Structures are given as structure tokens and as C-alpha cells.
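# Summary of the model geometry
Listed below are the residues making up each chain.
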Amino acid sequence: MDIFLQQLINGLTIGSLYALVALGYTMVYGVMKLINFAHGDLVAFSAYVGLTIFSQLFGSSASSFVNVIIIFVLTSIIVAFVGVLLERLAYRPLRTAPRLSAVVSALGASLVIQNGIMLIWGPNMQIFPADLLPNTTWNFGGVIITFTQLCILILSAVLMAALFIFINKTKMGTAIRATAIDQDAAKLMGINVNKVITLIFIIGSMLGAIGGLFIGLYYRALTFDMGWLYGLNAFIAAIIGGIGSIPGAMIGGLLLGLFNALIAGYISTEWAETFTFILLIIILIVRPTGILGEKTAEKV
Amino acid sequence: MNKTTILATIFIVVMAVFPFLVDSTWLTIGITFLVFATVAFSQDIILGRAGVFNMGHAIFFGIGAYTTAILNVHFGFEIIETIPFAIIFPIIIAILLAGPIIHLRGDYLLVATIGFNIIFEQVLKNDVFGLTGGPNGIFGIDVVRIFGYELFSDTAIYYMAFILMILTLIIIRNLDNSRYGRALYYINKDEIAAKSMGINIPYYKLFAFALGAAIAGAAGSIFAVQYSAVSPESFNFMQSVMFFAIVLVGGSASLPGVIIGTFVMFVLPELFTEFKESRYLIFGAAMVLTMVLRPNGVWPATFGNIPKFLRPNKGAK
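Residues numbered from 1 in each chain as written. Chains lettered and ligands numbered in written order. Predicted model: local features only at pLDDT ≥ 70, side-chain atom pairs only at ≥ 80, totals over all residues. Heavy atoms only, no water.

### Some points on the overall build of chain A
Within chain A, the secondary structure is distributed over 11 helices and 4 strands. In terms of overall size, chain A behaves like a compact globule, its C-alpha atoms giving a radius of gyration of 19 Å where 300 residues would be expected to give roughly 19 Å. Overall, chain A is about 55 × 45 × 35 Å in size when its C-alpha atoms are taken along their principal axes. When the 300 residues of chain A are sorted by exposure, 56% land in the buried category. For chain A, restricting intrachain contacts to residue pairs at least 6 apart in sequence, the fraction spanning at least 24 positions comes to 76%. In the form shown here, chain A has an accessible surface area of approximately 12700 Å², with 69% of it arising from carbon and sulfur atoms. (Helix = DSSP H or I, 4+ residues; strand = E, 2+ residues; numbered from the N terminus. Rg over C-alpha atoms; globule rule 2.2 N^0.38 Å. Buried < 20%, exposed > 50% of the residue type's maximum accessible area, 1.4 Å probe, protein only. Contact = heavy atoms within 4.5 Å. Areas by Shrake-Rupley, 256 points an atom, 1.4 Å probe, with all protein chains shown as cover.)

Structural data, given as C-alpha cells:
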């Protein structure tokens with residue numbers, strides 16, 4: 001039972017990370033019907049940026065909450081800027097082009113970011129400092145929760161709640177939802193679609209940046225090609241929840257995190273990825289629109 | 001003779017005499033080019049002609065290579081005897097894998113095939129049934145023997161790859177002129193219209209998958225012989241992305257496009273080893289740039305489009 005509870009906590013932590021990243025995929029897919037393959041690499045990029053900001057600004061000085069918050073804010077801004085740039089350069093010119101052209105452009109952008117990371121920071125593994133956040137742990141009858149885990153769980157819950165309210169209660173949120181349903185109709189209603197898409201890339205990149213920093217804080221080891229791993233997992237989370245649906249991404253992320261943790265805890269770590277993809281394929285066969293996705297008439 | 005035919009003839013003649021013109025380094029590059037071009041052609045049948053978003057094509061290439069390697073090293077088959085298996089196994093796997101998911105909408109299919117490719121890589125790396133040799137792969141694949149003659153020279157392997165590529169081109173040419181090719185073309189252009197014309201869409205899509213897999217498997221067999229070894233990295237998901245990109249950057253359903261794509265992706269890196277580090281960065285940027293400038297690829301196909309003189313004149317209204 002202890003193992004189960006421990007894996008539950010671990011699973012929820014990983015799941016929150018997946019959910020944060022998955023939101024970036026699902027929002028872009030919802031509005032542009034495009035798998036933003038570069039999103040995972042943006043997440044990896046943010047972890048590296050965070051690490052560099054830490055070593056440049058604070059060097060050897062003891063870390064504090066203020067420092068961590070500065071890192072989070074600066075990284076989010078930088079990554080959001082890169083995200084917007086990505087959209088301008090790689091996706092905007094292709095809005096009216098065949099679907100596959102945009103997919104190839106996304107793959108190309110992913111390669112650029114991934115190998116850009118490799119050229120800037122080198123191909124070797126980078127290690128996040130261990131004392132960035134306090135090393136406090138709590139022990140609840142054998143089940144251990146670390147301070148980092150608690151931060152991840154709380155902050156991602158807060159962020160997702162904030163996003164949910166933003167999308168559902170504000171004017172900009174309504175514009176985003178309208179654009180997701182029908183771009184042309186939204187345009188006719190006076191919505192600036194370009195602005196909406198830029199906003200989506202800003203929000204998605206910022207959430208991805210926070211996810212990337214948490215990945216750095218939680219796993220501590222960074223590799224330049226890790227973006228694909230987290231990106232694909234997050235994308236699977238988005239599909240499980242129903243791609244295009246924001247609460248779906250959150251639920252999908254948590255479910256996939258739990259699933260991964262339980263597989264790793266009870267069956268095997270070597271085959272963990274295989275089980276993830278088998279789950280994906282079963283879901284695609286049984287219910288391709290995911291848990292919260294709507295059953296719509298398929299056009300192509 | 002139109003321009004394409006002339007170009008194709010020149011290309012084939014140059015490729016046929018290529019081994020007599022160059023040294024051994026270039027010959028190796030030539031083999032690489034032929035093998036990967038063949039795989040890219042087979043991907044073009046699935047992606048370019050049938051319009052099926054397949055991003056797991058390295059699976060079939062890999063199954064072909066591993067079939068040859070396993071049957072030869074573990075079971076003592078002659079290479080020439082393994083080739084039929086290296087063609088049939090990918091077909092079976094293609095139908096088994098694609099069958100349940102072939103009805104999925106494009107993007108979902110794309111992700112599912114990525115999933116299959118990653119599962120395939122894990123299967124190879126985890127040394128299933130002790131056959132695949134784990135992360136190191138399988139070494140010591142035999143040379144090809146026909147009627148007692150050992151075909152071990154690079155020139156011999158080059159001509160095997162050349163013959164396979166010519167066969168592939170003949171198959172594609174026949175496909176384009178057949179009922180199957182037209183069905184695939186209509187499915188690609190407008191699936192709903194094709195369906196309402198009574199075209200059995202899953203059947204034709206699976207047919208394209210099986211044909212593409214068979215050719216990729218045969219190419220895999222030659223790949224295994226060329227290096228006398230196979231390892232999982234050659235068939236990972238990144239390779240599939242490359243094949244996917246070759247077809248679309250070159251121009252889907254366009255043979256010159258596929259050749260240009262293969263040249264850029266697989267031959268240039270062999271020529272300029274000094275840019276190996278930044279190679280993928282440049283490719284990535286080139287992929288984005290090509291798509292932005294020419295969304296239909298560098299050399300788009302014109303097959304089956306409405307001839308110019310029949311098109312409505314946009315200027316005069």
C-alpha cells in the first residue's frame with residue numbers, strides 16, 4: 001500500500017508536469033489544427049535557459065525564493081518570446097498551405113531548437129543544482145513528499161485553475177474559444193485572429209517554460225534531446241484528454257502521469273515507454289477524440 | 001519524349017555507369033544514396049500517393065534489415081534466401097499495425113505511427129527473445145552468394161541496390177498507370193468524393209502501406225548486407241522523420257523531388273563531415289524555409305492535375 005501511495009504522489013507530480021506541457025499542445029491544436037512538434041523542444045530549451053540564468057545571475061550565492069521566482073519570470077518571458085518568434089517564422093506563413101507543409105515546418109523548427117540547444121550548451125548532460133529549492137521532505141507514514149513535489153503540485157494546480165478561469169470567464173478567453181471553433185466566423189465577429197494566436201503561443205510557451213523548469217528541478221539532469229520525450233508524453237496526455245480541450249489536457253496529463261508511475265512501480269521501467277504508446281494506440285483505436293473530446297463529423 | 005523522361009533517362013544512365021567513374025569512397029556514398037532513395041520512394045507510395053500520414057517508415061526498413069540479419073546470423077540462411085522473408089515480414093507487420101488504425105484522421109495516424117516506431121525501437125533495444133542483439137545490434141552478416149559466386153565487392157552491392165531502385169521505379173510507374181494508382185490519387189485528393197464513387201478507402205490505403213513496406217523491407221536487406229551489421233539507431237524514430245521530410249520537402253508524389261530530398265538529407269552529410277555537428281540545425285532551418293517558400297515541395301508533382309489549357313483563365317473574367 002505504501003508503494004502504491006508513493007507512486008500515486010510521484011505519478012501526480014509527473015502528471016502535473018505533463019499537463020502543463022500538454023496545455024501548450026492542446027491550445028495550438030485547438031486553434032490551428034497543427035501538432036506543434038517544436039513545443040517539447042521549447043520545454044527543454046526553457047530548462048537550459050533557467051539553468052544559465054541561475055549560474056549567470058546568482059553564481060555561487062545561496063539560492064532563495066526570490067532568486068527562484070526571478071528565474072521563473074525571466075525564463076518564461078524569454079521562452080514566450082521564442083514561442084511567438086516560432087509562430088511568426090515557421091507557422092504563420094503556412095496558415096493557408098497544405099496541412100502537411102505545416103507539419104514539416106514544425107518538425108524543422110523542432111530540429112532547429114533541439115540542435116540549437118546542443119550547439120549552445122554542448123551535447124553533454126547538464127545538471128541542475130540540488131539546492132535551488134529547500135530539500136525539505138515530509139514523511140506521512142512511509143510516504144515521502146519532497147518540497148519540490150509539493151511546489152509542482154500546488155503551482156501547477158494554481159496555474160491550471162487560473163487558465164481555466166481566463167479561458168472561460170474573460171473576453172480574451174471567449175475570443176480564443178471562438179477562434180478555436182471557427183476562425184473565419186471569429187474574424188467576421190471582429191476578433192483579431194493573429195492576436196489570438198500570438199496570445200496562445202505566449203500562454204502555451206510560458207506554461208511550457210514553467211513545466212521545463214520544474215522538470216529541471218525535479219529530475220535535475222538535462223539532455224539536449226529530452227524535448228521529444230517530454231513533448232511526446234505531453235502530447236499523448238493531450239490526446240487522452242481529448243486534443244483541443246483544456247480541461248482534457250489537465251485530466252490527460254494527470255492520468256498519464258499516474259499510469260507511468262504505476263507501470264514503473266509495478267511492471268518495468270525498461271518498457272515504460274512501450275506501455276505509454278500501447279495505451280496511446282488503444283485510445284486512438286477506441287476513442288480517438290479522447291475523454292473530453294467531442295465526437296464531431298470528420299472531414300478528412 | 002518530354003523533359004521528365006529525358007531527365008529520368010540521363011539519371012538512370014549516370015547511375016548505371018557510376019561505379020566505373022569513381023573511387024571506393026564515392027561508391028559507398030552511391031550505395032547509401034540508392035538504398036535511401038529506394039526507401040524514400042517507398043515512403044512516397046504511402047505518403048505521397050495514398051496521402052497516408054505515415055511517420056514510422058523506418059519500422060519496415062528495419063524489419064527488412066533485421067529479418068535478413070536474424071535469419072542469416074542465428075538460423076544460417078543464405079542472404080539470397082532471406083530476401084523473400086525481408087519482403088513478406090514487413091508486409092505482414094504493415095497490415096497488422098496499420099489495419100486497426102488506418103481509418104484514423106491524418107494527425108492521429110501520424111502520432112500512432114510515431115508510437116509504433118518508438119515501440120519498435122524499444123523492442124530492438126531490449127533484445128526480445130534474444131534475437132535482436134539489444135542496443136548493439138547484430139554483427140557478422142554474411143556476403144551474398146549466388147550459384148557459388150560471392151558478391152562481396154562494393155560494386156556488386158551497388159548494382160544490387162541499383163536493380164532494386166530500378167524495380168521500384170518500374171513498380172511506381174505501373175502503379176501510377178493502374179486502377180490502383182488512380183484510386184490512391186483520388187483518395188489523396190478528396191477522400192469523401194472517392195468514397196462516394198465507391199472506392200474502398202481502407203483497402204487501397206492498406207495496399208499502399210503493404211507495397212511501401214515490402215519495398216522498404218527489401219532495401220533494408222541490402223542495407224544489412226552493405227554494413228554487414230544492423231543496430232537500432234539506424235531505424236529509430238528520427239530516421240522516420242527524415243523519410244517523412246524527404247518526401248514532403250522534395251515534393252510528394254514527385255520522383256525528382258524524392259531524389260533531391262534524399263541527396264540533401266543523406267548524401268550531403270557524407271560529403272561535408274565537418275558540418276556534422278550543425279547538420280540537423282541546418283536541415284531543420286532548411287525544412288522550415290522550404291515549406292515557407294514552396295509549401296508543395298521543391299519539385300512538386302504535376303501528375304493528374306488539370307492541363308494548363310483546360311484551366312479556367314483567372315485573368316479574364
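### What to know about the interface of chain A and chain B
On the chain B side, the residues contacting the 45 residues of chain A number 42 residues. Between chain A and chain B, roughly 3800 Å² of surface is buried when both sides are summed, and carbon and sulfur atoms account for 77% of that area. On the chain A side of the contact with chain B, Leu 100, Val 104 and Leu 111 of chain A bury the most area, a combined 15% of that side's loss. On the surface where chain A and chain B come into contact, there are 1 salt bridge. The closest approach of N and O atoms between Arg 99 of chain A and Asp 107 of chain B, which form a salt bridge, is 2.4 Å. Linking chain A with chain B are 4 residue pairs in polar contact (both at pLDDT 80 or more), by the criterion used here. Going through the elements one at a time, helix H3 (65-91), helix H4 (99-121), helix H9 (226-241) and helix H11 (272-286) of chain A are the ones with two or more residues in the side of chain A that touches chain B. Split by residue class, the side of chain A that touches chain B holds 32 nonpolar, 7 polar and 6 charged. (Buried area = accessible area lost by both parts, 1.4 Å probe. Salt bridge = Lys/Arg side-chain N within 4 Å of Asp/Glu carboxyl O. Polar contact = N/O pair within 3.5 Å; in protein donor to acceptor, adjacent residues only side chain to side chain. Nonpolar A, V, L, I, M, F, W, Y, C, P; charged D, E, K, R; others polar.)

### Quick notes on the nonpolar core
By size, the foremost hydrophobic cluster in this structure holds 202 residues, and its most contacted members are Phe 37 of chain A together with Met 55 and Phe 244 of chain B. Those residues in contact with Phe 244 of chain B, other than ones at most four positions away along the chain, are Leu 100, Val 103, Val 104 and Leu 107 of chain A together with Gln 43, Leu 47, Asn 54, Met 55 and Leu 110 of chain B. (Core = buried A, V, L, I, M, F, W, Y, C linked by side-chain atoms within 4.5 Å.)

### A look at the UniProt feature "transmembrane region" (unreviewed entry) in chain A
Mapped onto this structure's residue numbering, the UniProt feature "transmembrane region" (unreviewed entry) falls at residues 12-30, 65-86, 98-121, 141-167 and 196-221 of chain A. Along residues 65-86 of chain A one finds 100% helix and 0% strand; the C-alpha atoms at either end are 31 Å apart. (UniProt positions renumbered as here; feature names shortened; annotations may be inferred.)

### Structural notes on the packing of H9 of chain A against H11 of chain A
Residues and elements named next belong to chain A. The N-to-C vectors of H9 and H11 enclose an angle of 30 degrees; their axes lie 10 Å apart at closest approach. Between H9 and H11, the crossing angle belongs to the class labelled roughly parallel. The crossing of H9 and H11 is left-handed. Contact residues: Leu 229, Leu 232, Asn 233, Ile 236, Ile 239 and Ile 240 in H9; Glu 273, Thr 276, Phe 277, Leu 279, Leu 280, Ile 283 and Leu 284 in H11. When the residues that make up the contact of H9 with H11 are grouped by side-chain class, the tally is 10 nonpolar, 2 polar and 1 charged. (Axes fitted to C-alpha atoms, helices over the stretch in contact; angles between N-to-C directions. Parallel < 35°, antiparallel > 145°, perpendicular 65-115°, else oblique. Left-handed = near helix turned anticlockwise from the far one by under 90°.)

### Describing the UniProt feature "transmembrane region" (unreviewed entry) in chain B
All names here are of chain B. Those residues carrying the UniProt feature "transmembrane region" (unreviewed entry) are residues 26-46, 58-77, 83-101, 156-175, 206-229, 241-268 and 280-299 in this numbering. Across residues 206-229, the secondary structure splits into 92% helix and 4% strand, with the terminal C-alpha atoms separated by 30 Å. The distance from the first to the last C-alpha atom of residues 241-268 is 17 Å, and the span holds 86% helix and 0% strand.

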